[in-house]
Structures are given as C-alpha cells and as structure tokens.
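# Breakdown of the fold
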Amino acid sequence: MNYRTLGKTGLRVSVISYGASPLGSVFRDIDEQAGLRTVHLAIDLGINFIDVSPFYGLTRAETVLGKALKSIARDKYYLATKVGRYGTDTFDFSAERVTRSVDESLQRLNVDYIDLIQCHDIEFGSLDQVINETLPALRRIQQAGKARFIGITGLPLKIFTTVLAQAEVDTILSYCHYALNDSSLDKVIPVLKEKDVGIINASPLSMGLLTERGAPGWHPASQVLRDASAKAASWCRHKGIDIAQLAMQFALANPNVHTTLSGTANPENLRKNVAWINQPIDTQLLHEVLHILEPIHDMTWPSGRPENN
Ligand code: NAD
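Below you will find a few notes about this structure. (Residues numbered from 1 in each chain as written. Predicted model: local features only at pLDDT ≥ 70, side-chain atom pairs only at ≥ 80, totals over all residues. Heavy atoms only, no water.)

## Some words on the site of the ligand
Cut-off, in case you're wondering: One heavy atom within 4 Å of a molecule or strand makes the whole residue count as near it. Contacts described as polar in this section are N or O atom pairs within 3.5 Å, which, within protein, must combine one atom able to donate a hydrogen with one able to accept it, while residues neighboring in sequence count only if both atoms come from side chains. Exposure was quantified through the Shrake-Rupley algorithm and a 1.4 Å probe, taking into account, for residues, occlusion by the shown protein chains and nothing else. Here a strand is any run of E in DSSP of at least two residues, a helix any run of H or I of at least four, and the numbering for each starts at the N terminus.
Inspection of the region around the ligand gives 29 residues, with Ser21, Asp51, Asp121, Ser203 and Asn273 positioned closest. Within the side chain of Arg213, a nitrogen or oxygen atom sits 3.3 Å from an oxygen atom of the ligand. Burial of the ligand by the protein chains amounts to 93% of its free accessible area of 830 Å². When residues of the shell around the ligand are traced back to their parent elements, those giving at least two are strand S10 (171–175), strand S12 (259–263) and helix H9 (267–276).

Listed below in structure tokens is the structure:
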C-alpha cells in the first residue's frame, strides 16, 4: 500500500481508502457479516482511512461500522464522518444540529474522537450558512477534542472554490468527478493545491456506472450516460477485462488526489480493487474506452440548489 499526506492535516493516508456507505445497504441489501469482514480486510490490506455518514442507510452504515471498529485498535485507522445530511431530502446545517450530530456519531461509531468531520453535500444548503455558522461550529467541535480536522463534501465543483475563497477547511471530498467518464476534478486541483487542502476523490466507479452490474436505480445519471457506460463495459468484457479494473486503475493514477474512496461491502471486490491498483493499466484498452466515453465526457447532473451548480 502506498500512502500520501492529506494536505495540511499531515495525516498519511492510504491511496485507496474505504467508503462505508454500502454498509448502510445503499446499493443493495447487504449481508452484515460480509460487511464486517470487509472492514477488517480493509485494515489488513493497509487501508487506514474510512469514510462514513449518518445519512448512509439512515444511520445504519455508522452503526455497522461501529460494530466492526470495536475490535480494531484506534491507531490503525483515520475515521471520517459527516454532519448536515440526514435523508435524501433532509438537511440541517445549523450549529445546534451539527453539534448534536457529532455526539450521536461518536456513540454509533464507538469512538472518542473523529479524525475528520465533514459538512455533507453542502450544495443543498446555503453556502453563507455553511461558511458563517456550520464551519465555525465544526471548529468549536475540533477545539473540544471531538474531531481533529474539518472538511466539506458535495458534487458541484463550484462549491469548493466558493467556500475556499471565504473560509478555511482542511479537506474537500469530491465524488463522480475523477473517473473514466468524468475528470473535471482536475480543473480545481490548482486552487486546492495552492491552499494545501486535502483532496479526497470518491466514486472511482462513478457510483456503479463503471461496473458489470451497472448503476443502481436511484443513480442520477441520464440514460445517455448509462448507455455510454454500458457500451464501455461491454467493450471491456469483449477484451476480457472487467471495466471496474480499468476504472480503478485510471482513478488511482492521479497523483494529485491524496486518497480515493472505494465503496463495497463485498470482501472479494475490495481484495480485487486493491490488487488492481498495483497492476499496470492496459493503455490500449484505456485509449479505446476513453474514446467510447468521449461523447459524454464530463457530463454530470445537477445537485442541490440551482445557485450552487
Ligand atoms: P464507487 O464508485 O466505487 O461505487 C461503489 C459501487 O461499486 C458499489 O455498488 C460497489 O458494490 C461496487 N463495486 C465496488 N468495487 C467493485 C468491483 N471490484 N466490481 C464490481 N463492483 C464493485 O464508490 P462509491 O460508493 O460511490 O463511493 C465510495 C465512498 O465515497 C462512499 O462509500 C462514501 O463513503 C464516499 N462518498 C461520499 C459522497 C459525499 O460525501 N457526498 C458521495 C459519494 C461517495
């Protein structure tokens, strides 16, 4: 496993990290025992950064992760969770709610502190409130010793540049913007590097688009994006390679990203994902797949308030 420094936090995080949303049965109904085994396997494989949220499975992911963490030494992993999002349409970025939220997460996760507390999907709220109320509340939580660093997450890249122009955060978590079909994260990397912000890239498989199973029903991608991804998957199959392999290798090859979150509750998939990133990418196939995906390159979907997109 290789490790990189997560911006100004100084934390040395594994280049591939564990996204625990599947533990909340976000993608499919999971076998809890397999989920618990996946967390242990992640640690055994050298993964030391784990991300979760009270939103995933409406607290179930945190609860299942908490069970797994009970038997893992606290110095084996850095733990990130979030505040502000509590349901598909339920958001509360008030200082009072996010402060209570951290205490609830600490209990569910069975830990005394969180390494990184992130404001979840801020494009759904008022960025003014995030800057002037939520982030200061998170700094107070940090001062109280309940969290070590603070960050923000969301889909539209604009939210990161807007917030960073007015406030200080330690990390950003971007998703679905550095994968075979969308590499737009690259456009904001210079601003992030200039401020020495930790860069977390999530969804290297574009939340399932770049897999044999395809995206789940709730996935926000348009039909044209789904069709192009299915075409790319079929070409990889024809060439005898799982598209997930090419997608993982592509995402992990970006040296500017400090860590890439891979989400699975299946130990075999996690084992494969870690093995793949240490194998050379098939450059010919990569070229062909990027060509198939060219018509939809950087095509995304709106998320949150119109003014934040
Ligand atoms: P992802 O793009 O890797 O997609 C996960 C899906 O791919 C799951 O269905 C999983 O079962 C499947 N998968 C994983 N490995 C596979 C393999 N080898 N073969 C076939 N299928 C495979 O990642 P993701 O779950 O979208 O994101 C990872 C993590 O990032 C999440 O768990 C979460 O912690 C974080 N995240 C955060 C935000 C946010 O803060 N707004 C958004 C998205 C993701």
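From this point on, the discussion continues.
## Let's talk about the side chain of Ser206
The line we're drawing: Contacts between residues were defined by any pair of non-hydrogen atoms, one from each residue, lying within 4.5 Å.
Within the secondary structure, Ser206 is located in the loop between strand S11 (198–202) and helix H7 (223–238). Residues within four places of Ser206 in sequence aside, it is in contact with Cys176, Ala179, Asn181 and His219.

## Here we look at the packing of aromatic side chains
Keep this limit in mind: Classification of ring pairs uses Phe, Tyr and Trp, with its six-membered ring standing for Trp, and accepts pairs whose centres are within 6.5 Å; under 30 degrees between planes counts as stacked, over 60 as edge-to-face, and the remaining range as tilted. The rule is simple: take the accessible area with a 1.4 Å probe, protein chains only, and divide by the maximum for that residue type; under 20% is buried, over 50% is exposed, in between is partly exposed. We count a charge as sitting over a ring when the NZ of a lysine or the CZ of an arginine lies within 6 Å of the ring centre and within 35 degrees of the ring normal.
Scanning the entire structure with this criterion turns up four aromatic pairs. Aromatic pair Phe55 and Tyr56: ring centres 6.0 Å apart, planes at 45°, arrangement tilted. Accessibility classification places Phe55 together with Tyr56 in one group, the buried group. A network of ring pairs unites the aromatic residues Phe91, Phe93 and Phe124 as a single cluster. Sitting over the face of the ring of Tyr113, Arg74 holds its NZ or CZ atom 4.0 Å from the ring centroid. Above the ring of Phe124, the side-chain terminus of Arg85 is found at 4.8 Å from the ring centroid.

## Here's the deal with the sheet that holds strand S5 (residues 78–83)
Going by this rule: We treat two strands as partners when DSSP finds at least two bridges between them. Lines fitted to the C-alpha atoms define the axes, with helices restricted to the stretch that makes contact. Angles between their N-to-C directions range from 0 to 180 degrees.
Taken in spatial order, the eight strands of this closed barrel run S3-S4-S5-S8-S9-S10-S11-S12, and their pairing is parallel. Adjacent strand axes in the sheet meet at a mean angle of 30°, parallel and antiparallel pairs treated alike. Bridge count between strand S3 (residues 16–19) and S12: four bridges; the pairing is parallel. Across the sheet, residue Ser17 finds its bridge partner in S12, namely Leu261.

## Observations concerning the pattern of salt bridges
How we decide: Any carboxyl oxygen of Asp or Glu within 4 Å of a side-chain nitrogen of Lys or Arg constitutes a salt bridge here.
The full count for this structure, using the stated rule, is 17 salt bridges. We note a salt bridge from Arg108 to Glu62, for which the minimum N-O separation is 2.7 Å. On the criterion of sequence distance, the pair formed by Arg108 in helix H3 (residues 95–109) and Glu62 in helix H2 (residues 60–69) is long-range, its members being 46 residues apart. Pair check on accessibility: Arg108 and Glu62 agree, each one buried. In this structure, Arg139 engages Asp170 in a salt bridge whose closest nitrogen and oxygen atoms are separated by 3.1 Å. You can see Arg139 sitting in helix H4 (residues 127–143) and its partner Asp170 sitting in the loop between helix H5 (158–166) and S10, a full 31 residues away along the chain. By relative accessible area, Asp170 is classed as buried at 5%. Among the charged side chains, a salt-bridge network with shared partners connects Glu96, Arg97, Arg100 and Glu104.

In short, shape yes, function no, at least from these values alone.
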